[in-house]
Amino acid sequence: MQQNGILQLSVIIINYNVKFFLEHCLLSLLKAAKEIDCEILVVDNASTDGSKEYLTDKFPQVHFYWLSSNLGFGKANNYAFQKAKADYILLLNPDTIIAEDSLMLCLEYFKTNGNCGALGVRMIDGNGSFLKESKRGFPTLARSFFKFSGLCNVFPHSKKISGYYCGHLPQNKSGRVEVLSGAFLMLQKKTIEAINGFDENFFMYGDDIDLSYRIHNAGMENHYFAGTTIVHFKGESTQRFSKSYVKHFYNAMHIYVNKHYQQNKTSRAFMHVFITASQCLSGFKLSIKKFLSKREPIKNLNAAIVSTQPEFNQMLQLIKFALPPVTVCGRIANTRNDTGANIGSWKNINTVVAQKKITLIAFCEGSNTFKNIITQMQETKVKQGFLIYSAGSNSMVGSNNKNSNGRIITRF
């Protein structure tokens, strides 16, 4: 990070019991911030996983704020807003990995789009699949019905039927949208001041929808920027089929409806009924999910490591701590001039995956870049997804299922 006296960007991360994912997030963030006058603020919502002891000395350039109680997402961000000094502020989830040029590209986009009040980016999950919540519309009754009924999947490009996910806007095209995700949300500081930050009635979930709504009503625009892609490991910070998620998410939706449907009592009543029915359905799915998970056999994790030979030897010393155990079938060379022992190269990765029956791929950042890893994650599919090792880390992280905990391999 450069220090020229004038800050361009303040990055705010709210942490709660995800120290290993936050470690990788910060390592990618520091590389992205090398050419930017930037400060990083981490607000910890009273984690109990040893985040303070693990992270403080490792990242002396980060401003940590260790709270004594869990304030929730919105209130913790409002706390950080008072500390932030830059004209632009990025809200970033701890379970994300960004590319080396993500920050610069977003700041440049702001300069060429004067009425952009907030900016979101293209996101993929731990399997390399596009996350549709990267761009969304306001949750009207019709859009919510089309989403939960599955009709938006039948007509994914319809502006009307797939309006919940802005289906009319291709994922690789930037444009104006209504709702942005709080996982990566860049705003001008004057935007935050104009809308008085987050509504603290939202403890968790729904706060980004409410924030987007108020930015829109203030006459500013929310933009989806497809010019950079980040990884959002959905399974770690948001488990769709946990009791906590079901409770907090649907409570947030009731708060949102009460707040923004005051003028239309009929729509408000129907929305509350719809939300309650959806909550019951989610609770039923949760019970089924738990029942089936008890019967699921432990899957064989047959992994390949994308790295140089020295990195491969280092990764072997770490991956032996994996639970359940991971079988490493060999090394995949990342470049053409890599002549060391390997089972194949990235240029024929799909052939290697099929021949060696690879179910898990581990990337080693160092000789590789975060940006290239994010690209490679989208170029092939493996049943158990991907792991990422960031240079300087003590762990590997990944998430192949948004409905369960992320995967962490560490010697600690």
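What you are looking at is a predicted structure, and each value in this text was computed from that prediction instead of being measured.

Participant: Account for the overall build of the protein, with residues named and values stated.
Facilitator: The helix and strand inventory of the protein stands at 14 helices and 16 strands. Each of the 412 residues in the protein was classed as buried or not, and the buried ones make up 55%. At a minimum sequence separation of 6, the contacts of the protein that also span at least 24 residues come to 75%. Here the protein has roughly 18,500 Å² of accessible surface; of this, 52% comes from carbon and sulfur atoms.

Participant: Help me get a handle on the pairing of strand 1 (residues 9-15), residues and values and all.
Facilitator: Extensive coverage of strand 1 is indicated by the burial of seven of its seven residues. Where burial is concerned, the two faces of strand 1 agree: the one with Leu9, Val11, Ile13 and Asn15 and the one with Ser10, Ile12 and Ile14 are both buried. By the bridge criterion, five bridges tie strand 1 to strand 4 (residues 88-92) in an arrangement that is parallel. Within the sheet, the bridge partner assigned to isoleucine 13 lies in strand 4 and is leucine 92.

Participant: Tell me what's going on with the nonpolar core, and back it up with residues and numbers.
Facilitator: Among the nonpolar cores identified, the biggest contains 65 residues, and Leu26, Leu103 and Ile361 are the most heavily contacted of them. Broken down by element, the residue count for this core peaks at nine residues, all from helix 1 (residues 19-32). If we ignore the near neighbours within four places in the chain, the residues touching leucine 26 are Ile13, Ile40, Val42, Phe59, Val62 and Phe64. Among the nonpolar cores identified, the runner-up in size contains 26 residues, and Ala80, Ala84, Leu169 and Ala226 belong to it.

Participant: Tell me what's going on with the packing of aromatic side chains, and back it up with residues and numbers.
Facilitator: Across all of its chains, the model carries 14 aromatic pairs by this definition. For the ring pair tyrosine 109 and phenylalanine 225, a centre distance of 4.9 Å and an interplane angle of 40 degrees mean the geometry is tilted. Placement of tyrosine 109 in helix 4 (residues 102-112) and of phenylalanine 225 in strand 9 (residues 221-232) is noted, with a sequence separation of 116 residues between them. For phenylalanine 225, a relative accessible area of 9% gives the class buried. Geometrically, the ring pair formed by tryptophan 346 and phenylalanine 363 is tilted, given 5.7 Å between the ring centres and 55 degrees between the ring planes. Within this pair, whereas tryptophan 346 is found in the loop between strand 12 (344-345) and helix 13 (349-356), its partner phenylalanine 363 is found in strand 13 (residues 360-364), the two being separated by 17 residues in sequence. The pair tryptophan 346 / phenylalanine 363 is uniform in exposure class, with both members buried. Members of the aromatic cluster, each reached through a chain of ring pairs, are Phe20, Tyr54 and Phe412. If you follow lysine 19 out to its NZ or CZ, it ends over the ring of tyrosine 54, 5.3 Å from the centre. It is lysine 147 that lies over the ring of tyrosine 164; its NZ or CZ is 5.3 Å from the centre.

Participant: Account for the environment of isoleucine 40, with residues named and values stated.
Facilitator: Along the chain, isoleucine 40 turns up in strand 2 (residues 38-44). Among the residues examined, isoleucine 40 registers a relative accessible area of 0% and is labelled buried. Each C-alpha atom, one on isoleucine 40 and one on histidine 63, is 6.1 Å from the other, the two residues being 23 residues apart in sequence.

Participant: Lay out the side chain of arginine 214 with the relevant residues and their values.
Facilitator: With respect to the element layout, arginine 214 can be found in helix 8 (residues 207-217). Its relative accessible area of 16% is what places arginine 214 among the buried residues. A distance of 3.0 Å separates the side chain of arginine 214 from the side chain of aspartate 210, its partner in a polar contact.

Definitions and cut-offs
Residues numbered from 1 in each chain as written. Predicted model: local features only at pLDDT ≥ 70, side-chain atom pairs only at ≥ 80, totals over all residues. Heavy atoms only, no water. Helix = DSSP H or I, 4+ residues; strand = E, 2+ residues; numbered from the N terminus. Buried < 20%, exposed > 50% of the residue type's maximum accessible area, 1.4 Å probe, protein only. Contact = heavy atoms within 4.5 Å. Areas by Shrake-Rupley, 256 points an atom, 1.4 Å probe, with all protein chains shown as cover. Pairing = 2+ DSSP bridges. Core = buried A, V, L, I, M, F, W, Y, C linked by side-chain atoms within 4.5 Å. Phe/Tyr/Trp six-rings, centres within 6.5 Å; stacked < 30°, edge-to-face > 60°. Lys NZ or Arg CZ within 6 Å of the ring centre and 35° of its normal. Polar contact = N/O pair within 3.5 Å; in protein donor to acceptor, adjacent residues only side chain to side chain.

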